[in-house]
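Observations on the three-dimensional arrangement
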Amino acid sequence: MDTLPGRLQGLADEEAARRLRDEGANELPASKPRSVLCLLRDVVLEPMFLLLVACGGVYMILGDRQEALMLLAFVFVVIGITFTQERRTERSLDALRDLSSPRALVVRYGRERRIPGRELVRGDMVLLAEGDRVPADMRLHESSNLMIDESMLTGESAPVAKHAASTPASMVAAPGEDAGSNALSGTLVTQGTARGEVVATGERSALGQIGRSLAALGGESTPIQAETRRIVNFVALAGIALAALLALGYGILRGDWLHALLAGLTLAMALIPEELPVILTLFLGLGAWRLSGQHVLARNVPAVELLGATTVLCVDKTGTLTTNHMIVRTLWCEGAQYAVANEAHRAFLETFPETFHSLLEYAVLASHRRAFDPMETAIVEAGQKLLADTEHLHRDWTLVDDYPLSRQMLAMTRVWQSPDSSERMIAAKGAPEAIVDLCHLDAGQSERIAAQVAHMASGGLRVIGVARAVFAARELPHSQHDFDFRFLGLVGLEDPLRADVPGAIAACHAAGMRVVMITGDHPNTALSIARQAGLPADGNLMTGAELAMLSDAALDLRLAATDIFCRVQPEHKLRLVQAFRRNGEIVAMTGDGVNDAPALKAAHIGVAMGARGTDVAREAAGLVLLDDDFSSLVTAVRYGRRIFANLRKAITFVVAVHVPIVGLSIVPVILGWPLVLMPAHILFLQLIIDPSCSLVFEAEEPEQDTMRGKPRRAQDRLFDRAVLFRGLSQGAGLLAVLCAVYVWSSHAAHSDDVARTMTFTVLVLSTIALIHVNRSWDTPFWQRHRAFNRYFSWVAISTVILLAVVMATPRIARLFAFALPPPEMLSIAAGSVLLATLLATFWFEAVKSLLRQQQCDQPSAPSGRPFLD
């Protein structure tokens, strides 16, 4: 117990320091960024990188330090790319933490002082005023006209009236108790002042408990990550087994165990699928980097790809579909109604009818001049626009007194003194029924007004009434009821739809994505916003109370026909996301409030708002829209689909190019030829062409119909029959061409080294052609009108230059076992290389054309079974 004279004088500095030390800082629980060592550990322990390091070690044991160092250098390059991207993402997230520790005005031992919010402790006495963000959970001892915006916690955009507690401040009231005397961490004071005692800080606060609950909702690998890991492990084991068999067979048949080891090592190098994690890392990392230029932060990089498979998008209304900034939409006087123009129709403002001048004039007078309450802010802004250059804005009037809103009277009255009159001008606004009561209207008038209020509310508007009075006496009465009020009319306000939302939702529908709205608002408000946004609003609506009464099985049956969920609690949002997942949907959840965080974490992809979003919501999300632009989500979906489509192109290329590499490692052993490919050749292809082609395919623009089809099915895989057939067919044709080139050149030049040189040259040039052909699967390369891809140009030119350097430098040529054709054969050899390359190129196009025709003939055919179940 405190020994101070009174609780309201606050803690002593020594006691505050002790509690801070014992209970910890007033900070939200957050996902800690990985340290450098943890990041390096995660990267190095990837199976593919371990295989690459092991191969480098084998080269080192064999004494070939040059190739070993080349291989290990490649490993470090990939580690550097991964490390840089992850660190950049963590730093970007840190820059968004703008609400985690607000400043606080506290009373310590009777003296007021302002301290960082993280230094608050239980028992501190905090002073609140308009515009303050509540720094911790508090129990209120004193309050004056206090209104708090709790939208970040409840999703309700209208501020909530608060009052002093009638019981000791031992803890924040539980649901069903007197929550009106609580001020919760992270909420915003929009009106009035208060003094309260801190009862919970950090993770013990209501906001912190939501963040702490996210720990139970762990992350998971995306299907692509899991599939790639499975394929890498399978192919690596199979490759090692096949390489061992080849080495054993070579040694038994020829008795040359040293060359047998070299043949086995070459095949192992050819079969190790090191490109797969490299391609996945680069595609996702560069995709996240490109998205950052569109103001989308990929906190969880694989979520970018998974967004392209999203089938259901669950969106929160307040702050996501709407601006979370209220505006005046409708004015109503007896028998007349006026729709307030938005910013796009400012030209009509000068025609504001005289009938409504008094209504808006006194609505402004009943509001604070420096408003923090969203509704008062909207009224003041509307008055400044609609009443500009008129005599109805009274900046020279003096405020005499006010009658604040209370639980007994849901209306507030402000008393003004005009410099031109001795009479007091009285302005009142509040709940329509309270204003009707103040005006003492008869039953007929009351019924007409109630009907109009119901009509406006059915359109999603929040309605307040306005009245005026004139008071001649100098001494003001004790009650608002003593004024002779005259009813002026109704003001309808709304939290408007974001301008970009209808177009974004239409794009989602065109892309085959279902959009579901989940909100804590009234059904009428939800339906109104749904109609404006372009969501189905034909009565397919479910309230939180209905949802709570349904079993999981019954809820699953209702999901297909329900697109709007209203009056929901945070636990309902989480349950809905889990229900959609049970139904096999790929679920993305958008939101900006703390109440959205558990659902954001449970969804396959959580999408948080960056500017308005809370810290805990951003921590839970995989993607963050930095500019709160809902249309950025459509951009992210397009990027996700582009990534998956281009990954399939890259995988097709990897499969196709490995067929001739593996074939040229096995065929010579079977047919008794000298070794055609050695580890140096395979490293040339892997270190120069394979990583570079990842950049080429990643930079390819999406096909024209990317956003005009349904999301890919959840069971669709990167390694399906279509990809394998395309890759194996293209690769088999190239292998046949290469074998023919080797046989012809070895007979023509009578030199195995010349044959090896010509065969490898055709392989390199055909690999470049293979990349170019597979850049688009829609059109032949000679009919293509696609954006210039500078990476392809760089790959093609640099590869040809490096090949020329290898052949022209004697020391390097000996490492590759190359020899140039004799002078009299040079022109024939060059022509043969070009002819073989063209033949391979047209074979690639023939395979592509055949598959394209099959897709046209069978548009609904499945994409094929996965390569490995």
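A brief look at the structure comes next. (Residues numbered from 1 in each chain as written. Predicted model: local features only at pLDDT ≥ 70, side-chain atom pairs only at ≥ 80, totals over all residues. Heavy atoms only, no water.)

So, on to the overall build of the chain. When helices and strands are tallied, the chain shows 29 helices and 22 strands. Across the 869 residues that make up the chain, the buried fraction comes to 55%. Within the chain, residue pairs in contact and separated by at least 24 positions form 74% of the contacts whose partners lie at least 6 positions apart. A total of about 36900 Å² of accessible surface is found on the chain, and carbon and sulfur atoms cover 59% of it. (Helix = DSSP H or I, 4+ residues; strand = E, 2+ residues; numbered from the N terminus. Buried < 20%, exposed > 50% of the residue type's maximum accessible area, 1.4 Å probe, protein only. Contact = heavy atoms within 4.5 Å. Areas by Shrake-Rupley, 256 points an atom, 1.4 Å probe, with all protein chains shown as cover.)

The geometry of helix α26 (residues 752–773) relative to helix α27 (residues 790–808) is characterised by a closest axis approach of 10 Å and an angle of 175° between their N-to-C directions. In terms of orientation, α26 and α27 fall into the roughly antiparallel class. Across the interface between the two elements, Thr757, Phe760, Thr761, Val764, Leu765, Ile768, Ile771 and His772 of α26 pack against Phe792, Val795, Ala796, Thr799, Val800, Leu803 and Met807 of α27. Of the residues assigned to the contact of α26 with α27, the class counts are 11 nonpolar, four polar and no charged. (Axes fitted to C-alpha atoms, helices over the stretch in contact; angles between N-to-C directions. Parallel < 35°, antiparallel > 145°, perpendicular 65-115°, else oblique. Nonpolar A, V, L, I, M, F, W, Y, C, P; charged D, E, K, R; others polar.)

Leu321, Met517, Ile605, Leu623, Phe630 and Phe760 are the most contacted members of the largest nonpolar core, which has 109 residues in total. The greatest single-element share of this core, amounting to 18 residues, is contributed by helix α23 (residues 631–671). Among residues more than four places away in sequence, those in contact with Ile605 are Ala303, Leu306, Leu307, Thr310, Ile586, Val587, Ala588, Met589 and Leu623. The next biggest cluster of nonpolar side chains, apart from the first, holds 31 residues, and it includes Ile379, Ala382, Leu393 and Val466. (Core = buried A, V, L, I, M, F, W, Y, C linked by side-chain atoms within 4.5 Å.)

This part covers the sheet that holds strand β9 (residues 312–316). Within the open sheet, the eight strands sit side by side as β8-β22-β21-β20-β9-β17-β19-β18. Their pairing is mixed. For this open sheet the edge positions go to β8 (296–298) and β18 (541–543), each flanked by a neighbour on one side alone. Going across the sheet, the axis of each strand differs from the next one's by a mean of 20°, ignoring polarity. In the packing of helix α17 (residues 523–533) onto the sheet, the strands contacted are β17 (514–518), β18 and β19 (564–566), and the crossing angle to β19 comes to about 150°. The strands touched by α23 within the sheet are β8, β9, β20 (587–591), β21 (605–609) and β22 (623–625), with β22 carrying the most contacts at an inclination of about 140°. (Pairing = 2+ DSSP bridges.)

Turning to the pattern of salt bridges, a few remarks are in order. Per the stated rule, a full pass over the model turns up 22 salt bridges. Here Glu15 makes a salt bridge to Arg19, at a shortest N to O gap of 2.7 Å. Pair noted here: Glu15 and Arg19 are both in helix α1 (residues 13–23), with a separation of four residues, about one helical turn. In this structure, Asp22 and Arg18 form a salt bridge, with 3.0 Å as the shortest nitrogen-oxygen distance. You can see Asp22 and its partner Arg18 sitting in helix α1, four residues apart, about one turn around the helix. Through salt bridges that share partners, Glu15, Arg18, Arg19 and Asp22 make up one connected network. (Salt bridge = Lys/Arg side-chain N within 4 Å of Asp/Glu carboxyl O.)

Right, let's get into the environment of Val501. Here Val501 shows up in helix α16 (residues 501–510). On the accessibility criterion, Val501 (0% relative accessible area) is buried. Considered as a pair, Val501 and Asp629 are 128 residues apart in the sequence and their alpha carbons are 8.5 Å apart. With residues near it in sequence (within four places) discarded, Val501 still touches Thr320, Leu321, Ala533 and Phe630.

Here the focus is the packing of aromatic side chains. Scanning all chains against the criterion turns up 13 aromatic pairs. Between the aromatic rings of Phe684 and Phe760, the centroid separation amounts to 5.6 Å while the plane-to-plane angle is 70°, which identifies the pairing as edge-to-face. In this pair, Phe684 sits in helix α24 (residues 679–698) while Phe760 sits in helix α26, placing the two residues 76 residues apart along the sequence. Take Phe684: its relative accessible area is 7%, and that puts it in the buried class. Exposure remark for Phe760: the relative accessible area of 1% places this residue in the buried category. With centroids separated by 5.6 Å and ring planes inclined at 45°, the aromatic side chains of Phe760 and Phe818 adopt a geometry described as tilted. Placement of the pair is Phe760 in helix α26 and Phe818 in the loop between α28 (810–815) and α29 (826–857), with a sequence separation of 58 residues. (Phe/Tyr/Trp six-rings, centres within 6.5 Å; stacked < 30°, edge-to-face > 60°.)

The phi angle at Tyr109 is positive, at roughly 55°, despite the residue not being glycine. Note that Tyr109 resides in the loop between β1 (103–108) and β2 (111–116). Here His295, not a glycine, exhibits a phi torsion of approximately 65°, which is positive. Along the chain, the position of His295 falls in the loop between α9 (275–292) and β8.

Now for the sheet that holds strand β14 (residues 424–430). Overall, antiparallel pairing links the seven strands, which are arranged β11-β10-β16-β15-β14-β13-β12 in an open sheet. A strand with exactly one partner marks an edge of an open sheet, and here the two such strands are β11 (336–339) and β12 (398–403). Averaged over all neighbouring strand pairs, the angle between strand axes comes to 25°, with direction disregarded. As paired strands, strand β13 (residues 411–417) and β14 are joined by seven bridges and run antiparallel to one another. Paired with Met412 across the strands is Lys429, a residue of β14. Helix-sheet contacts for helix α13 (residues 374–386) involve β10 (327–333), β11, β13, β14, β15 (462–471) and β16 (486–494), and the interaxial angle to β10 is about 75°.

Before going further, it helps to examine the environment of Lys162. Of note, Lys162 is situated in the loop between β5 (160–161) and β6 (182–183). The exposure class of Lys162 is buried, given its relative accessible area of 9%. Taking the C-alpha atoms as reference points, Lys162 and Ile148, 14 residues apart in sequence, are found 7.1 Å from one another. Not counting residues up to four positions away in its chain, the partners in contact with Lys162 are Leu140, Ser143, Leu146, Ile148, Glu150, Ala179, Gly180 and Asn182. Polar side-chain contacts of Lys162 include one of 3.0 Å to the backbone oxygen of Asn182. (Polar contact = N/O pair within 3.5 Å; in protein donor to acceptor, adjacent residues only side chain to side chain.)

To continue, consider the packing of α23 against α26. The N-to-C vectors of α23 and α26 enclose an angle of 170°; their axes lie 10 Å apart at closest approach. Relative to α26, α23 is oriented roughly antiparallel. Between α23 and α26 lies a crossing whose hand is right-handed. On α26, the residues that touch Phe653, Ala656, Val657, Pro660 and Leu664 of α23 are Thr759, Leu763, Thr767, Leu770 and Ile771. When the residues that make up the contact of α23 with α26 are grouped by side-chain class, the tally is eight nonpolar, two polar and no charged. (Left-handed = near helix turned anticlockwise from the far one by under 90°.)

Let us now look at the side chain of His394. Within the secondary structure, His394 is located in the loop between α13 and β12. If we skip the residues at most four places from it in the chain, His394 touches Glu361, Leu365 and Arg369.

Let's shift gears to the pairing of β1. Inspection of the sheet shows β1 paired to β2 by six bridges, in the antiparallel sense. Across the sheet, Val107 pairs through a bridge with Glu112, a residue of β2. Taking the residues that link successive antiparallel strands as the turn, the β1-β2 hairpin has two residues, and the phi of Tyr109 there is positive, at about 55°. In terms of strand pairing, β1 meets strand β3 (residues 125–128) through three bridges, oriented antiparallel. Bridge pairing in β3 places Leu105 opposite Leu127.

This part covers the side chain of Ser729. Counting through the fold element by element, Ser729 comes out in helix α25 (residues 721–749). The residues touching Ser729, leaving out its near neighbours within four places in the chain, are Leu724, Trp843 and Val847.

Now for the environment of Leu675. Looking at the secondary structure, you find Leu675 in the loop between α23 and α24. For the pair Leu675 and Asp752, spaced 77 residues apart in the sequence, the C-alpha separation amounts to 9.1 Å.

As a further point, take the pairing of β16. Judged by how many residues are buried, β16 sits mostly within the fold: eight of nine residues are covered. As defined by bridge partners, β10 adjoins β16 across five bridges and the pair is classed as antiparallel. Residue pairing across strands places Thr330 opposite Gly492, the latter belonging to β16. Here β15 pairs with β16 via seven bridges, running antiparallel. The partner of Ile464 across the bridge, within β16, is Val491.

These values are about where atoms sit, not about what they do.
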